[in-house]
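Descriptive analysis of the structure
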Amino acid sequence: MSVYEENRCIKDNHLRLLASKFELKRNLFKALVRDPQLPIEVREKFQYKLSKLPRNSSFTRVRNRCIFTGRPRAVYQLFRMSRIVFRELASQGMLNGVKKASW
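Computed from a predicted structure; not experimentally measured. (Residues numbered from 1 in each chain as written. Predicted model: local features only at pLDDT ≥ 70, side-chain atom pairs only at ≥ 80, totals over all residues. Heavy atoms only, no water.)

**Quick look at the overall build of the chain**
Note the following rule: Secondary structure elements follow DSSP: runs of H or I of four or more residues count as helices, runs of E of two or more count as strands, with numbering from the N terminus. Only C-alpha atoms enter the radius of gyration; for comparison, a globular chain is expected to reach 2.2 Å times N to the power 0.38, where N is the number of residues. Throughout, exposure labels follow a simple rule: accessible area from a 1.4 Å probe, protein chains only, divided by the maximum for the residue type, with under 20% read as buried, over 50% as exposed, and the rest as partly exposed. Computed with the Shrake-Rupley method and a 1.4 Å probe, the accessible areas treat only the protein chains shown as cover for residues. Charged residues are defined here as Lys and Arg on the positive side and Asp and Glu on the negative side; His and the ends of the chain fall outside this count. Charge placement uses NZ in Lys and CZ in Arg. For Asp and Glu, CG and CD serve respectively.
What the chain contains, in helices and strands, is 3 helices and 2 strands. Ordered by position in the sequence, the α and β elements of the chain form the string α-α-β-β-α. Over its C-alpha atoms the chain spans a radius of gyration of 20 Å, topping by over 25% the 13 Å that the globule rule assigns to 103 residues. Counting only C-alpha atoms and orienting by the principal axes, one finds that the chain spans roughly 65 × 35 × 20 Å. For the chain, the residues scored as buried account for 24% of the 103 residues in total. Only carbon and sulfur atoms are counted for the fraction: they give 54% of the accessible area of the chain, which is about 8400 Å². Across the chain, 23 positive and 8 negative side-chain charges occur, with their mean positions spaced 4 Å apart.

**Things to note about the side chain of S82**
Short version of the rule: In this description, contact between two residues means that some pair of their heavy atoms is separated by no more than 4.5 Å.
Secondary-structure assignment places S82 in strand β2 (residues 81-82). Leaving out residues up to four positions away in the same chain, S82 has contacts with C66, T69, R71, R73, A74 and V75.

**A closer look at the nonpolar core**
Quick reminder of the rule: We call a set of buried Ala, Val, Leu, Ile, Met, Phe, Trp, Tyr and Cys residues a nonpolar core when their side-chain atoms join them within 4.5 Å.
Among the nonpolar cores identified, the biggest contains 7 residues, and these are L18, F22, F29, V33, F46, L50 and L53. Elements with a contribution of two residues or more to this core: α1 (3-34) and α2 (40-51). Apart from the residues lying within four places of it in its own chain, the contact partners of F29 are F46, K49, L50 and L53.

**Focus: the confidence of the model for the chain**
So the rule is basically this: What pLDDT conveys is the predictor's confidence in a given residue, as a value from 0 to 100.
Here the chain averages 87 in pLDDT, while 94% of its residues score no lower than 70. Considering each helix and strand of the chain separately, the mean pLDDT is smallest for α1, with a value of 86, and largest for α2, with 93.

**A word on the domain arrangement of the chain**
Inclusion rule: Each domain's extent was defined by an automatic or database domain assignment. Buried area: the sum, over both parts, of the accessible surface (1.4 Å probe) that disappears when the two are put together. A carboxyl oxygen of Asp or Glu within 4 Å of a side-chain nitrogen of Lys or Arg is what we treat as a salt bridge. We define a polar contact as two N or O atoms separated by no more than 3.5 Å, with the added condition that, inside protein, one atom must be a possible hydrogen donor and the other a possible acceptor, whereas residues neighbouring each other in sequence contribute only through side-chain atom pairs. Under the scheme applied here, ten amino acids are nonpolar (Ala, Val, Leu, Ile, Met, Phe, Trp, Tyr, Cys and Pro), four are charged (Asp, Glu, Lys and Arg), and all others, including Gly, are polar.
Examined at the domain level, the chain breaks down into domain 1 (1-63) and domain 2 (65-102). Residue-level contacts link 7 residues of domain 1 with 9 residues of domain 2. Here domain 1 meets domain 2 over a buried area of about 680 Å², counting both sides, of which 46% is carbon and sulfur. It is R8, C9 and R63 in domain 1 that bury the most area against domain 2; as a group they hold 59% of the surface buried on that side. Taken together, the connections running from domain 1 to domain 2 amount to 1 salt bridge. Of the charged contacts, one joins R80 and D12 as a salt bridge, the two residues approaching to 3.6 Å between their closest N and O atoms. Across the domain 1-domain 2 interface, the total number found is 2 residue pairs in polar contact (both at pLDDT 80 or more). Residue composition of the side of domain 1 that touches domain 2, grouped by class: 2 nonpolar, no polar and 5 charged.

See below:
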(Lines give C-alpha, C1' and ligand atoms only; values in the text may rest on other atoms or scores of the structure.)
Protein backbone atom coordinates (compact mmCIF):
# COMPACT_ATOMS: atom_id res chain seq x y z
CA MET A 1 0.00 0.00 0.00
CA SER A 2 1.40 3.34 -1.01
CA VAL A 3 1.58 6.40 1.22
CA TYR A 4 -1.21 8.02 -0.79
CA GLU A 5 -3.59 5.10 -0.17
CA GLU A 6 -2.64 5.00 3.50
CA ASN A 7 -3.47 8.69 3.85
CA ARG A 8 -6.84 8.04 2.19
CA CYS A 9 -7.62 5.39 4.80
CA ILE A 10 -6.58 7.73 7.62
CA LYS A 11 -8.70 10.54 6.18
CA ASP A 12 -11.68 8.19 5.83
CA ASN A 13 -11.32 7.13 9.46
CA HIS A 14 -11.03 10.77 10.57
CA LEU A 15 -14.22 11.70 8.70
CA ARG A 16 -16.09 8.78 10.26
CA LEU A 17 -14.99 9.78 13.77
CA LEU A 18 -15.93 13.42 13.18
CA ALA A 19 -19.34 12.48 11.79
CA SER A 20 -20.14 10.23 14.73
CA LYS A 21 -18.97 12.90 17.19
CA PHE A 22 -21.35 15.55 15.83
CA GLU A 23 -24.20 13.21 14.82
CA LEU A 24 -26.44 13.88 17.83
CA LYS A 25 -25.96 17.65 17.76
CA ARG A 26 -26.51 17.80 13.99
CA ASN A 27 -29.71 15.75 14.19
CA LEU A 28 -31.04 17.91 17.03
CA PHE A 29 -30.42 21.15 15.14
CA LYS A 30 -31.97 19.72 11.97
CA ALA A 31 -35.09 18.62 13.85
CA LEU A 32 -35.48 22.05 15.45
CA VAL A 33 -35.03 23.82 12.12
CA ARG A 34 -37.69 21.64 10.50
CA ASP A 35 -40.24 22.05 13.32
CA PRO A 36 -43.03 24.31 11.95
CA GLN A 37 -44.43 25.02 15.43
CA LEU A 38 -41.35 26.96 16.56
CA PRO A 39 -41.10 30.69 15.87
CA ILE A 40 -39.04 31.70 12.85
CA GLU A 41 -36.44 33.51 14.99
CA VAL A 42 -35.71 30.34 16.97
CA ARG A 43 -35.51 28.24 13.82
CA GLU A 44 -33.11 30.73 12.23
CA LYS A 45 -30.93 30.63 15.34
CA PHE A 46 -30.63 26.85 15.11
CA GLN A 47 -30.06 27.07 11.35
CA TYR A 48 -27.11 29.36 12.09
CA LYS A 49 -25.76 26.90 14.69
CA LEU A 50 -26.15 24.08 12.18
CA SER A 51 -24.18 26.04 9.61
CA LYS A 52 -21.36 26.61 12.10
CA LEU A 53 -20.74 22.88 12.58
CA PRO A 54 -17.75 21.52 10.65
CA ARG A 55 -18.61 20.52 7.09
CA ASN A 56 -16.83 17.21 7.42
CA SER A 57 -19.05 16.24 10.35
CA SER A 58 -21.82 15.27 7.95
CA PHE A 59 -22.28 11.59 7.11
CA THR A 60 -22.87 12.46 3.46
CA ARG A 61 -19.19 13.36 3.21
CA VAL A 62 -18.10 9.91 4.33
CA ARG A 63 -17.09 7.72 1.40
CA ASN A 64 -16.99 3.95 1.81
CA ARG A 65 -13.43 2.80 1.18
CA CYS A 66 -11.68 -0.52 1.29
CA ILE A 67 -9.80 -0.88 4.58
CA PHE A 68 -6.96 -2.76 2.85
CA THR A 69 -6.37 -0.80 -0.37
CA GLY A 70 -8.29 2.46 0.07
CA ARG A 71 -10.25 1.78 -3.13
CA PRO A 72 -13.43 3.93 -3.17
CA ARG A 73 -15.50 1.90 -5.65
CA ALA A 74 -17.13 -1.54 -5.46
CA VAL A 75 -16.81 -1.73 -1.67
CA TYR A 76 -18.98 -4.24 0.18
CA GLN A 77 -20.41 -2.34 3.10
CA LEU A 78 -20.74 -5.40 5.35
CA PHE A 79 -17.06 -6.32 5.03
CA ARG A 80 -15.67 -2.82 4.25
CA MET A 81 -13.42 -4.24 1.56
CA SER A 82 -13.39 -3.97 -2.20
CA ARG A 83 -14.64 -6.75 -4.45
CA ILE A 84 -11.07 -7.52 -5.53
CA VAL A 85 -9.72 -8.02 -2.01
CA PHE A 86 -12.90 -9.85 -1.01
CA ARG A 87 -12.48 -12.34 -3.86
CA GLU A 88 -8.81 -12.94 -3.04
CA LEU A 89 -9.48 -13.55 0.65
CA ALA A 90 -12.53 -15.71 -0.06
CA SER A 91 -10.52 -17.85 -2.51
CA GLN A 92 -7.83 -18.36 0.11
CA GLY A 93 -10.45 -19.31 2.71
CA MET A 94 -9.57 -16.36 4.97
CA LEU A 95 -13.18 -15.21 5.43
CA ASN A 96 -15.27 -17.24 7.86
CA GLY A 97 -18.61 -18.37 6.47
CA VAL A 98 -17.80 -17.36 2.88
CA LYS A 99 -17.53 -20.15 0.34
CA LYS A 100 -17.25 -20.05 -3.43
CA ALA A 101 -20.46 -21.16 -5.06
CA SER A 102 -20.32 -24.13 -7.39
CA TRP A 103 -23.25 -26.01 -8.86
